[in-house]
Amino acid sequence: ATLKYNPLLIKPNHHELGNIFGVEINSFDDACVYAKKLQEKGARNVMVTMGEKGAVLIDENGGVCTHSSPNGDVVSAVGSGDSSVAAFLAKYLSGDTYKNCLAFAVAAGSATAFSRGLATKDEIIKILGENNVYENEPMSIHTSFKTGGITDFFEIVNTFALFKAILSPFYN
């Protein structure tokens, strides 16, 4: 029902996407096929997270971006999806490219999975720098955080968590 309102972003994980369509999603190609079906129903952008494989984004202009997850030891995946959404939105709202939005989303989600609680600014920057995933030079990564990107990220995570807590009784 929500898709008819053309939401900016829908972010299922590969299990959730598979459940929606009654299939098993095992690859980026599989995820793309079914993410496009969500776009046909009204979603503008669809980001499918795939755990240790990474994520794929089908953007509203028809572009497809994939991004692999960095190596690391998962402490807890709790909050990783929320961190990914918040990171994507923070970069999107700052006018960044879809490729960078996805890179930041994967870095934030991964950093949260490798941490106890939400990832810190330093943990996210470390992942971005180590994986050389950003389109801009590494110095620009640090500059973007200093201009409010990381603050926006944490504000969005906290707001998203609040909305999720308020709305959760309606989903059960």
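Before reading on, note that the structure itself is shown above.
In this text the structure is predicted, and so the values were computed from the model without any measurement.

Draft legend 1. Summary view of the packing of helix α3 (residues 80–93) against helix α4 (residues 98–113). Viewed as axis vectors pointing N to C, α3 and α4 meet at an angle of 150°, and their least axial separation amounts to 7 Å. On the basis of their axis angle, the class for α3 and α4 is roughly antiparallel. Considering how the two elements wind past one another, α3 and α4 form a crossing that is right-handed. Packed against α3, whose contacting residues are Ser-80, Ser-83, Ser-84, Ala-87, Phe-88, Ala-90, Lys-91 and Tyr-92, the element α4 presents Tyr-98, Asn-100, Cys-101, Leu-102, Phe-104, Ala-105, Ala-108, Gly-109, Thr-112 and Ala-113 at the interface. Counted by class, the contact of α3 with α4 contains 11 nonpolar, 6 polar and 1 charged residues.

Draft legend 2. Quick peek at the pairing of strand β2 (residues 45–49). Along β2, 5 of the 5 residues are buried, which leaves the element largely enclosed by surrounding structure. By the alternation rule, side chains of β2 split into Asn-45, Met-47 and Thr-49 and Val-46 and Val-48, which are all buried. Two elements, strand β1 (residues 9–10) and β2, share 2 bridges in a ladder whose sense is parallel. Bridge pairing in β2 links Ile-10 to Val-46. Pairing of β2 with strand β3 (residues 55–58), which is carried by 4 bridges, proceeds in the antiparallel orientation. Looking at the pairing, Thr-49 lines up with Ala-55 of β3.

Reading the values: the criteria
Note on numbering: residues in each chain are counted from 1, in written sequence order. Selection of residues for local features in this predicted model requires a pLDDT of at least 70, selection of side-chain atom pairs for listing and counting requires 80 or more, and totals for whole chains, interfaces and linings are taken over all residues. Only hydrogens and water are set aside when side-chain values are computed; all heavy atoms of the structure are taken into account. Whenever a helix is involved, its axis is fitted only over the stretch in contact; in every case the axis is a line through C-alpha atoms, and angles between N-to-C directions fall within 0 to 180 degrees. To qualify as a helix, a DSSP run of H or I must reach at least 4 residues; to qualify as a strand, a run of E must reach at least 2; elements of each kind are numbered from the N terminus. Oblique is the label for any angle not covered by the other classes, which are roughly parallel (under 35 degrees), roughly antiparallel (over 145) and roughly perpendicular (65 to 115). Crossings are classed by handedness, with left-handed meaning an anticlockwise turn of the near helix from the far one by less than a right angle and right-handed meaning a clockwise turn. Contacts are residue-level and defined by heavy atoms, with any inter-residue pair within 4.5 Å sufficient. Residues are sorted three ways: Asp, Glu, Lys and Arg are charged, Ala, Val, Leu, Ile, Met, Phe, Trp, Tyr, Cys and Pro are nonpolar, and all the rest, Gly among them, are polar. A simple rule labels every residue: compare its accessible area, found with a 1.4 Å probe on the protein chains alone, to the largest value its type can have, and call it buried under 20%, exposed over 50%, or partly exposed in between. Should DSSP find at least two bridges between two strands, the strands are regarded as paired.

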